[in-house]
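# Descriptive analysis of the structure
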Amino acid sequence: MAGAAGPGSGPGSAGRDADDSLYPIAVLIDELRNEDVQLRLNSIKKLSTIALALGVERTRMELLPFLTDTIYDEDEVLLALAEQLGDFTGLVGGPDFAHCLLPPLESLATVEETVVRDKAVESLRQISQEHTPVALEAHFVPLVKRLASGDWFTSRTSACGLFSVCYPRASNVVKAEIRQHFRSLCSDDTPMVRRAAASKLGEFAKVLELDSVKIEIVPLFINLASDEQDSVRLLAVEACVSIAQLLSQDDLEVLVMPTLRHAAEDKSWRVRYMVADKFSELQKAVGPKITLNDLIPAFQNLLKDCEAEVRAAAVHKVKELCENLPIEGRETIIMNRILPYIKELVSDTNQHVKIALASVIMGLCTILGKENTIEHLLPLFLAQLKDECPEVRLNIISNLDCVNEVIGIRQLSQSLLPAIVELAEDAKWRVRLAIIEYMPLLAGQLGMEFFDEKLNSLCMAWLVDHVYAIREAATNNLMKLVQKFGTEWAQTTIVPKVLVMANDPNYLHRMTTLFCINALSEACGQEITAKQMLPIVLKMAGDQVANVRFNVAKSLQKIGPLLDTDALQGKVKPVLQKLGQDEDMDVKYFAQEAISVVAQRLRKLDFPVKDSEEHRAPGPDKNHFLRPGMLGEDTGKFLSLMSRQHKETERLAWLLRGQ
Amino acid sequence: MAVKPALPKDYHAEKRVLNGILPKTQVADATSNEQQELFCQKLQQCCVLFDFMDSVSDLKSKEIKRATLNELVEYVSTNRGVIVESAYSDIVKMISANIFRILPPSDNPDFDPEEDEPTLEASWPHIQLVYDFFLRFLESPDFQPSIAKRYIDQKFVQQLLELFDSEDPRERDFLKTVLHRIYGKFLGLRAFIRKQINNIFLRFIYETEHFNGVAELLEILGSIINGFALPLKAEHKQFLMKVLIPMHTAKGLALFHAQLAYCVVQFLEKDTTLTEPVIRGLLKFWPKTCSQKEVMFLGEIEEILDVIEPTQFKKIEEPLFKQISKCVSSSHFQVAERALYFWNNEYILSLIEENIDKILPIMFASLYKISKEHWNQTIVALVYNVLKTLMEMNGKLFDDLTSSYKAERQREKKKELEREELWKKLEELKLKKALEKQNSAYNMHSLLSSTSAE
């Protein structure tokens, strides 16, 4: 074991390089006192290096006391320290000495800054697992108790996160003490501590004996759930999920449900929001029977809550709620008890609620089946497709595949079209961008004919949008469409229109032609590229705008692999050479880059034998040099190579296992 | 869930009757017995709430309530002897019913108090009058805290404090005055109020980073601190060090920095021995990337230096001037400029002069450097002036530093190299150890695998 080997090898190696081993601690001390925070931070981050150099014994005897005593620093440095110490067990000599790490972490767990404290608690939790049961009671539990009865709220807050890790392995007497401490923190004077306790209540309940849960945790839960501060009450809702999972149906009904019902009607919207937000978890935790009796009515109330935030949170859970209902009778419950509320929400006054609804409503199709979808849901979809808020329409369109599976998209196409057209011309470019993303999907579902008739012109219009991101997305969209509909379609509908733009007076549009060619050439294949696209590209080399010219060079480089020797040698090369002499620096640069790529391609075409040896992509392949062939031959070298590349922590973990 | 309670059915009828029989002027004119009963009736009437999100509903009733509230305000402020013991319960009930509510979620979740317009409270036409009434009640010469404390208790104050998160600045302004009056009149609630403000601030700093009423609460605290008795209690010092100082880290510092700095300075004026921990605290939280905040910190430091005692100054001059020297050489000219303005302050100048032997060596290198290379001409000009002033304070030291400047720089560079060298050695040492262990592990491993292969 690591623990046994550690101490043995420690002093030995320290003795061998005695002069070397003198300075690490000096370096550290010096560096930790540096005025520059960055340097202090760096040295703390290399703490494991120092510890390793010192050996386990001196780390325990010198380094840790030094850290415990002298650290008063910026939070950022403390954070790094707290994190490092979590992985330090091996460096102090293994589990037998893990408790040496407690003092510095204890003081880190009491600092003001939450981030540092949380990290210290995380490390303490990690280290607690490495303690033997005896060491746990001798060192760890006393620390938890000290923190739990600290003067300032920070230490008590930190203590809350440590109960659950030491409880399972403690003796019965100690267990009772731990419960007692937790209890008192749940009714602490400071709301920060009560919040911390409430947020750990569920976690703690899970490690307790069932009787203790019933006798002790439930009353705590009820108290926290009726705290004067809503920030505490809402955390109790979270704990409710864990506690409910532990209790039988009968106990649940008596012990938890009254409180949960109350929470669903709390006067603070934050608490109601939390109930809505955790609804699926609650539903699973309490089981189907209570769901039907209690949760559904509560859900109905949340769906018509007076605060839009709560309604929106509830709406988000509609689909999951319906999915998780028992299959038997599910349809009736949804139709009678959920759908009426959803119908009202379609015309909610708040757009966030409508947006949320539009993002989940389509999910109901598969649950309710074809007939219900056509009769009840379709009218809602249609209404939402006409909603004034573009995000609502967009959410409907983006989930069309759900409908498609159940009833086919044709049912919607009449209403779909105006909605799409309107979104396509929306004033916000992000909305336009979003609708473009769905074009390939729509094209697939609506079919080529419908697409050509109604949507093709939109796709072309986006190419001349005044926002670059839209033009770029439109180009990619064309490529995906060609992949879907084939080259023939491309040749008749897309390519001619794209190529016409090469004569556009606006140079941005002329560039779009080039970008389209870049995107389409591969999908369109050799013939279209060589016969139709290449001439246009070559012609554009004489453009008066330099940006167009260097993009010609880039395009030629891009479509080069699709051309044969004649075209490359006779047409492309001369043009590139001319561009290589251009007065503009950038044009020259890109032309020369293209020339070298084309030249390489030409060489390959001349000596086709080589082609099979080389990889398809030209240029050196860096991965070649690190092939795993070396693994067996020169392990020592390989390992040191590896370790230099790995992150510090990984390497240490590896080393420790090596011990 | 009826958050906004519906009107009782017979409400309109009742109101009409009350108003019809007892018009405004009669309340004051009626005999004292009748007056009292009427007063309470009207208070009860005003407990009914209306939905102001719906601007067309109950227009008539809303108007009646407004008129009634106006009447109540006038009644308590122009008459003496009307706040009798039996009225307190109804008064506090009416106030609570109207102002205590769960604040709605913000319309704009990314609300930036510096940029965006706040959402104003819809029911302001009524709430304003209720606050007005509350203030008149508290300020009335007839008001008796000993009776009121039965109703205005910890729970009441707790709810009042939560309202400080209101987005409506008009409401926060009223709350500020109200809380100040309560703090002044209810001695038994003082410690509780301070503790709750403490909790609100801690939650603001470490949990939510959001609370609209921080500036208002600090303003109240400013005057509370002013009244602290000496010597300061440990509780108050803890509040300064563990709450007010960490508060400087908040993202929205600009919104309440003036009030915060005022509180800090108040503390220092009370007890000068706090100067050192305060300045060290500020240095610990000194902004790293936010130049605007850095300017605010410099402003606060100047305010502190304005009241600092020379003996205290000696204790912190070294770390402080190291920071100032960094600020002076900031490439953000506003930061550099703000720091250089310290040299326009007569008192600070006299402190520097007294301690020139300590301060000049700290400041010299950065001043010397920027005088040569700062991009902003204003800064360069300011630095020249500062250098001149310092030179006049101790010409000999100045000359020494000038001549040793180059050697000093080289020494620093050498130190830098040494550090790199040390780390490299350490890294090698570790690798060596790692390799030793790997090799032994590898030998072990190959030994095992070869035996198993056989």
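In this text, all values refer to a predicted model and were calculated from it rather than measured experimentally.

### Quick word on the overall build of chain A
- Helix and strand counts for chain A come out as 38 helices and zero strands.
- Counting across all 659 residues of chain A, residues that qualify as buried make up 54%.
- By element, 53% of the accessible surface of chain A is carried by carbon and sulfur atoms, the whole surface being about 29700 Å².

### Observations concerning the overall build of chain B
- A count of helical and extended segments in chain B gives 21 helices and zero strands.
- A buried classification covers 48% of the 454 residues belonging to chain B.
- Taking the intrachain contacts of chain B between residues at least 6 apart in sequence as the baseline, contacts between residues at least 24 apart amount to 76%.
- With an accessible surface of roughly 22600 Å², chain B has 53% of that area assigned to carbon and sulfur atoms.

### Considering the pattern of salt bridges
- A complete count under the given rule lists 48 salt bridges over all chains for this structure.
- Across the pair E209 of chain A and K175 of chain A runs a salt bridge, and its minimum N-O distance is 3.1 Å. With E209 of chain A in the loop between helix 13 (191-207) and helix 14 (210-225) and K175 of chain A in helix 12 (residues 172-186), the pair connects residues that are 34 residues apart, well separated along the chain.
- The partly exposed category is assigned to E209 of chain A, whose relative accessible area is 31%.
- Close ionic contact of K396 of chain B with D400 of chain B constitutes a salt bridge, the shortest N to O distance being 3.0 Å. Linking K396 of chain B with D400 of chain B, this pair stays in helix 21 (residues 395-453), spanning four residues, or about one helical turn.
- Because the salt bridges share partners, they merge into one network encompassing R179, R183 and E216 of chain A.

### A look at unusual backbone geometry
Residue and element names in this part refer to chain B.
- Backbone torsion omega between L230 and P231 reads -5°, so that peptide bond is classified as cis.
- Within the element layout of this structure, P231 appears in the loop between helix 11 (214-226) and helix 12 (234-244).
- Within the chain, E209 stands out as a residue other than glycine whose phi angle is a positive 55°.
- Inspection of the secondary structure puts E209 in the loop between helix 10 (190-208) and helix 11.
- Look at E209 and you get partly exposed, because its relative accessible area is 42%.

### Considering the environment of M363 of chain B
- Within the fold, M363 of chain B resides in helix 19 (residues 356-373).
- In this view, M363 of chain B contacts F321, I324, S325, V328 and W343 of chain B; residues no more than four positions away in its chain are not counted.

### Re the nonpolar core
- With 359 residues, the main nonpolar core has F134, I182 and F201 of chain B as its most contacted residues.
- In terms of residue count, helix 18 (residues 279-303) of chain A provides more of this core than any other element does, 11 residues in total.
- Apart from residues no more than four positions distant in its own chain, F201 of chain B is found in contact with V214, L217, L218, L221, F239, V243 and M247 of chain B.

### With respect to helix 6 (residues 75-86) of chain A
All names here are of chain A.
- Compared with the 16 Å implied by 1.5 Å per residue over 12 residues, the 17 Å span of helix 6 between its first and last C-alpha is a close match.
- Of all 12 residues that make up helix 6, nine are buried, and the element is covered over most of its length.
- Within helix 6 the residues assigned to the buried category are D75, V77, L78, A80, L81, A82, Q84, L85 and G86.

### Details of the confidence of the model for chain A
Residues and elements named next belong to chain A.
- Across chain A, the average pLDDT comes to 82, with 87% of residues at or above 70.
- In the model, residues 1-19 has pLDDT below 50 throughout and makes 16 contacts with residues more than four positions away in sequence or in other chains.
- Counting interchain partners and residues more than four positions distant, the pLDDT-below-50 stretch residues 609-659 has 42 contacts.

### Some details on the confidence of the model for chain B
Residues and elements named next belong to chain B.
- Chain-level pLDDT for chain B is 84 on average; 88% of the residues reach the 70-or-more range.
- Note that residues 1-26 has pLDDT below 50 and, in this model, 35 contacts with residues that lie over four places away or in other chains.
- Reported for the predicted complex are a pTM of 0.76 and an ipTM of 0.79.

### Overview of the packing of aromatic side chains
- Throughout the structure, instances matching the rule amount to 32 aromatic pairs over all chains.
- With a centroid separation of 6.2 Å and 65° between ring planes, the pair formed by F451 of chain A and W489 of chain A is classed as edge-to-face. Taken as a pair, F451 of chain A in helix 28 (residues 448-462) and W489 of chain A in helix 30 (residues 487-500) lie far apart in primary sequence, 38 residues in all. The pair formed by F451 of chain A and W489 of chain A is uniform in burial state, with each residue classed as buried.
- Taking 5.9 Å as the distance between ring centres and 85° as the angle between the ring planes, the aromatic pair formed by F134 of chain B and F156 of chain B counts as edge-to-face. One end of the pair, F134 of chain B, is in helix 6 (residues 124-139); the other, F156 of chain B, is in helix 8 (residues 154-162), with 22 residues separating them in the sequence.

### Observations concerning the packing of helix 13 of chain A against helix 10 of chain B
- Look at helix 13 of chain A against helix 10 of chain B: their axes get within 10 Å of each other, and the N-to-C directions meet at 50°. Relative to helix 10 of chain B, the element helix 13 of chain A lies oblique. Residue-level contacts link P191, M192 and R195 of chain A of helix 13 of chain A to N199, L202, R203 and E207 of chain B of helix 10 of chain B.
- Across the contact of helix 13 of chain A with helix 10 of chain B, the residue classes tally to three nonpolar, one polar and three charged.

### Notes on the side chain of S123 of chain A
Residue and element names in this part refer to chain A.
- Among the secondary structure elements, S123 is positioned in helix 8 (residues 114-130).
- Judged by relative accessible area, S123 falls into the buried class, the value being 3%.
- There is a polar contact of 2.6 Å between the side chain of S123 and the backbone oxygen of A82.
- Among the polar contacts made by the side chain of S123, one reaches the main-chain amide nitrogen of G86 at a distance of 3.4 Å.
- Contacts of S123, omitting those with residues within four sequence positions, involve A82, E83, G86 and L105.

### Regarding empty space enclosed by the protein
Residues and elements named next belong to chain A.
- Taken as a whole and assessed by the stated rule, the structure comprises two cavities of 30 Å³ or more.
- By volume, the largest cavity is sized at about 50 Å³.
- Secondary structure elements with two or more residues in the lining of the largest cavity: helix 15 (230-246) and helix 16 (249-264).
- Ranked by residues supplied to the lining of the largest cavity, first place goes to helix 16 with three residues.

### Focus on the packing of helix 8 of chain B against helix 10 of chain B
Residue and element names in this part refer to chain B.
- Where helix 8 contacts helix 10, the axes come no closer than 10 Å and their chain directions differ by 35°. In this structure, helix 8 meets helix 10 at a crossing whose hand is right-handed. Contact residues: helix 8 offers Q154, V157, Q158 and L161, while helix 10 offers F192, I193, Q196, I197 and I200.
- The residue inventory of the contact of helix 8 with helix 10, partitioned by class, reads six nonpolar, three polar and no charged.

### Things to note about the state of the cysteines
- One pass over the full model with this rule turns up zero disulfides over all chains.
- Considering cysteine sulfurs only, C516 of chain A is the nearest to C524 of chain A, which forms no disulfide, with 10 Å between them.

### So, helix 12 of chain A
- Across its 15 residues, helix 12 of chain A extends 21 Å between first and last C-alpha, which sits within 8% of the 21 Å expected from 1.5 Å per residue.
- Its buried side turned inward, helix 12 of chain A meets helix 9 (133-148), helix 10 (153-160), helix 11 (163-166), helix 13 and helix 14 of chain A.

### Some points on the environment of G90 of chain A
- As for its placement among the helices and strands, G90 of chain A is situated in the loop between helix 6 and helix 7 (102-108).
- As for G90 of chain A and R156 of chain A, which are separated by 66 residues in sequence, their C-alpha atoms are 29 Å apart.

### What to know about the environment of S149 of chain A
Residues and elements named next belong to chain A.
- Mapped onto the fold, S149 is located in the loop between helix 9 and helix 10.
- The spacing of S149 and H181 is 32 residues in sequence and 8.1 Å in space, taken between C-alpha atoms.
- A polar contact of 2.8 Å, which involves the side chain of S149, links it to the backbone oxygen of K145.

Each value, and the rule that gives it
- Residues numbered from 1 in each chain as written.
- Chains lettered and ligands numbered in written order.
- Predicted model: local features only at pLDDT ≥ 70, side-chain atom pairs only at ≥ 80, totals over all residues.
- Heavy atoms only, no water.
- Helix = DSSP H or I, 4+ residues; strand = E, 2+ residues; numbered from the N terminus.
- Buried < 20%, exposed > 50% of the residue type's maximum accessible area, 1.4 Å probe, protein only.
- Areas by Shrake-Rupley, 256 points an atom, 1.4 Å probe, with all protein chains shown as cover.
- Contact = heavy atoms within 4.5 Å.
- Salt bridge = Lys/Arg side-chain N within 4 Å of Asp/Glu carboxyl O.
- Core = buried A, V, L, I, M, F, W, Y, C linked by side-chain atoms within 4.5 Å.
- Expected span 1.5 Å × (residues − 1).
- pLDDT = per-residue confidence, 0-100.
- Phe/Tyr/Trp six-rings, centres within 6.5 Å; stacked < 30°, edge-to-face > 60°.
- Axes fitted to C-alpha atoms, helices over the stretch in contact; angles between N-to-C directions.
- Parallel < 35°, antiparallel > 145°, perpendicular 65-115°, else oblique.
- Nonpolar A, V, L, I, M, F, W, Y, C, P; charged D, E, K, R; others polar.
- Polar contact = N/O pair within 3.5 Å; in protein donor to acceptor, adjacent residues only side chain to side chain.
- 1 Å grid on protein atoms, 1.4 Å probe; cavity = no way out; pocket = protein on both sides within 12 Å on 5 of 7 lines; lining within 4 Å.
- Points joined across faces, edges and corners; volume = space filled by probe spheres on them.
- Left-handed = near helix turned anticlockwise from the far one by under 90°.
- Disulfide = S-S within 2.5 Å.

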